[in-house]
Amino acid sequence: FLGLTLVASGDRKAGLGEIEKALELGYSLTKDSKLYILDLYALEGDYQKLIIEYKKLIESDPQNVDWYAKLAVAYALANDKKKALETIQIVVAMDPMLQSEADKFIKQYQLDN
């Protein structure tokens, strides 16, 4: 709760540090809390932690195409174009209806270069 209080008061970095300490001590999060923390990592530009956490979500729910799509974005933001492209290809393999969105994503992040 200290971490959430620090985030609410505007100190995201310190708040995330306290949240991470709580997790290390065994505190567990609800799905909504996990998503909130992922948003905080994104706001902080900590794309490596986003990648780690989305991989964990994929492990717990490997059929969730949204987690793969978000992982692809995290890779793109971390400037890992190869992994971003590989991951978006998984998204399309899981749901071919997303091909046009994937094409936009590839163009937006210049993954075809």
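Residues numbered from 1 in each chain as written. Predicted model: local features only at pLDDT ≥ 70, side-chain atom pairs only at ≥ 80, totals over all residues. Heavy atoms only, no water.

## Looking at the overall build of the chain
Item 1. Check the secondary structure of the chain and you find seven helices and zero strands.
Item 2. Helices (α) and strands (β) of the chain occur, in sequence order from the N terminus, as α-α-α-α-α-α-α.
Item 3. Its C-alpha atoms put the chain at 45 × 25 × 20 Å along the principal axes.
Item 4. Classification of the 113 residues of the chain by burial places 28% in the buried group.
Item 5. Taking the contacts inside the chain whose residues are at least 6 apart along the sequence as the reference set, 38% of them involve residues at least 24 apart.
Item 6. Only carbon and sulfur atoms are counted for the fraction: they give 53% of the accessible area of the chain, which is about 7400 Å².
Item 7. Averaged over its 14 positive side-chain charges, the chain has a centre that lies 3 Å from the centre of its 18 negative ones. (Helix = DSSP H or I, 4+ residues; strand = E, 2+ residues; numbered from the N terminus. Buried < 20%, exposed > 50% of the residue type's maximum accessible area, 1.4 Å probe, protein only. Contact = heavy atoms within 4.5 Å. Areas by Shrake-Rupley, 256 points an atom, 1.4 Å probe, with all protein chains shown as cover. Lys, Arg positive; Asp, Glu negative; His and termini not counted. Charge placed at Lys NZ, Arg CZ, Asp CG, Glu CD.)

## Digging into the packing of helix α4 (residues 47-60) against helix α5 (residues 65-77)
Item 1. At a minimum axis separation of 9 Å, α4 and α5 run at an interaxial angle of 160 degrees. Here α5 runs roughly antiparallel to α4, going by the angle between their axes. Judged by the twist between their axes, the crossing of α4 over α5 is left-handed. For the pair α4 and α5, contact is made by Tyr47, Leu50, Ile51, Tyr54, Lys55, Leu57 and Ile58 and by Trp67, Tyr68, Lys70, Leu71, Ala74, Tyr75 and Leu77, respectively. (Axes fitted to C-alpha atoms, helices over the stretch in contact; angles between N-to-C directions. Parallel < 35°, antiparallel > 145°, perpendicular 65-115°, else oblique. Left-handed = near helix turned anticlockwise from the far one by under 90°.)

## Comments concerning the layout of surface pockets
Item 1. Its volume calculated, the largest pocket comes out at about 310 Å³.
Item 2. Residue lining of the largest pocket: 14 residues in total, with Leu23, Leu29, Lys34, Glu53 and Lys56 positioned closest to the centre.
Item 3. In terms of residues, the lining of the largest pocket owes the most to one element, α4, which gives six residues.
Item 4. Here the lining of the largest pocket is built from residues that sort into eight nonpolar, one polar and five charged.
Item 5. Its boundaries defined by the atoms lining it, the second largest pocket holds a volume of some 240 Å³. (1 Å grid on protein atoms, 1.4 Å probe; cavity = no way out; pocket = protein on both sides within 12 Å on 5 of 7 lines; lining within 4 Å. Points joined across faces, edges and corners; volume = space filled by probe spheres on them. Nonpolar A, V, L, I, M, F, W, Y, C, P; charged D, E, K, R; others polar.)

## Digging into helix α7 (residues 99-108)
Item 1. Within the sequence span of α7, burial applies to Ala102, Phe105 and Ile106. One side of α7 holds all its buried residues, which, seen down the axis, span an arc of 100 degrees. Exposed side chains of α7 directed beyond 90 degrees from the buried face belong to Lys104, Lys107 and Gln108.
Item 2. Turning to α7, the residues buried within the fold contact α5 and α6 (81-94).
Item 3. Residue Gln110 follows α7 closely and has a positive phi angle near 50 degrees. (Arc of directions from axis to C-beta.)

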